Amino acid sequence: MTHTGGTPLAGLTKLVSWMKEIQQQYAKTDVILGIEPTGHYWFPQAEFLHRENIKMVIVNPHHVNKSKELEDNSPTKNDYKDARLIADLVRNGKYSEPTLPTSVYADS
């Protein structure tokens, strides 16, 4: 994964540093990053995190959508609410572990 200007790569590097800081701060042995996938856009992030030995899992967007109203009796959508819902689904084991394409199936 190479980008001119380094912006996306710099952001992912910063994310990994932040996650490792939190891991050390709370003396955790494992870190899991949960995401709600959108199309194919999550593949580069997953590949980068895999190389950094950080487990990334995906939650079903339908489950996130259905959980919204249960959270606060409102179907409204915002980033903070979505992050809480995704974290809760991951905490409760309601996620899938993606299999990243390799070899000729991976886009370079």
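Residues numbered from 1 in each chain as written. Predicted model: local features only at pLDDT ≥ 70, side-chain atom pairs only at ≥ 80, totals over all residues. Heavy atoms only, no water.

### Overview of the confidence of the model for the protein chain
Looking at the protein chain, pLDDT values average 86 and 92% of them are 70 or higher. The least confident element of the protein chain is helix 3 (residues 61-72), whose mean pLDDT is 82; the most confident is strand 2 (residues 55-58), at 96. (pLDDT = per-residue confidence, 0-100. Helix = DSSP H or I, 4+ residues; strand = E, 2+ residues; numbered from the N terminus.)

### Focus: the pairing of strand 2
Examined bridge by bridge, strand 1 (residues 32-35) and strand 2 share 4 bridges and lie parallel to one another. Along strand 2, the bridge assignment pairs isoleucine 35 with isoleucine 58. Once the chain exits strand 1 it traverses helix 2 (residues 43-51) before rejoining the sheet at strand 2, and the crossover so formed is right-handed. (Pairing = 2+ DSSP bridges. Right-handed = clockwise from strand over helix to strand, strands pointing away.)

### A short note on the packing of helix 1 (residues 7-25) against helix 2
Running from amino to carboxyl end, helix 1 crosses helix 2 at an angle of 50°, the nearest separation of the two axes being 11 Å. Taken together, the axes of helix 1 and helix 2 are oblique relative to one another. In the crossing of helix 1 with helix 2, the sense of the turn from one axis to the other is right-handed. Facing helix 1, whose interface residues are Leu9, Leu12, Thr13, Leu15 and Val16, helix 2 presents Gln45, Phe48 and Leu49. Grouping the constituent residues of the contact of helix 1 with helix 2 by class yields 6 nonpolar, 2 polar and no charged. (Axes fitted to C-alpha atoms, helices over the stretch in contact; angles between N-to-C directions. Parallel < 35°, antiparallel > 145°, perpendicular 65-115°, else oblique. Left-handed = near helix turned anticlockwise from the far one by under 90°. Contact = heavy atoms within 4.5 Å. Nonpolar A, V, L, I, M, F, W, Y, C, P; charged D, E, K, R; others polar.)

### Overview of the side chain of serine 67
Relative to the helices and strands, serine 67 is located in helix 3. Assessed through its relative accessible area of 18%, serine 67 is described here as buried. There is a polar contact of 2.7 Å between the side chain of serine 67 and the backbone oxygen of histidine 63. Beyond its immediate chain neighbours, meaning those up to four positions away, serine 67 contacts Leu85 and Leu89. (Buried < 20%, exposed > 50% of the residue type's maximum accessible area, 1.4 Å probe, protein only. Polar contact = N/O pair within 3.5 Å; in protein donor to acceptor, adjacent residues only side chain to side chain.)

### Focus on helix 3
Restricting attention to buried positions, one finds in helix 3 the residues Val64, Ser67 and Lys68. All buried residues of helix 3 fall inside an arc of 135° around its axis, so they share one side. For helix 3, the exposed residues lying more than 90 degrees away from the buried face are Lys66 and Leu70. Looking at the packing, one finds that the buried side of helix 3 touches helix 4 (79-91). (Arc of directions from axis to C-beta.)

### Points about the layout of surface pockets
Unoccupied space between atoms shows up once a probe the size of one water molecule is rolled over them. Within this model, the largest pocket holds a volume of roughly 650 Å³. Lining the largest pocket are 22 residues, with Trp18, Ile32, Leu33, Gly34 and Ala87 sitting closest to its centre. Residue assignment for the lining of the largest pocket shows that the elements contributing at least two residues are helix 1, strand 1 and helix 4. Among the elements that make up the lining of the largest pocket, the one with the highest residue count is helix 4 (6 residues). Of the residues in the lining of the largest pocket, the class split is 13 nonpolar, 3 polar and 6 charged. (1 Å grid on protein atoms, 1.4 Å probe; cavity = no way out; pocket = protein on both sides within 12 Å on 5 of 7 lines; lining within 4 Å. Points joined across faces, edges and corners; volume = space filled by probe spheres on them.)

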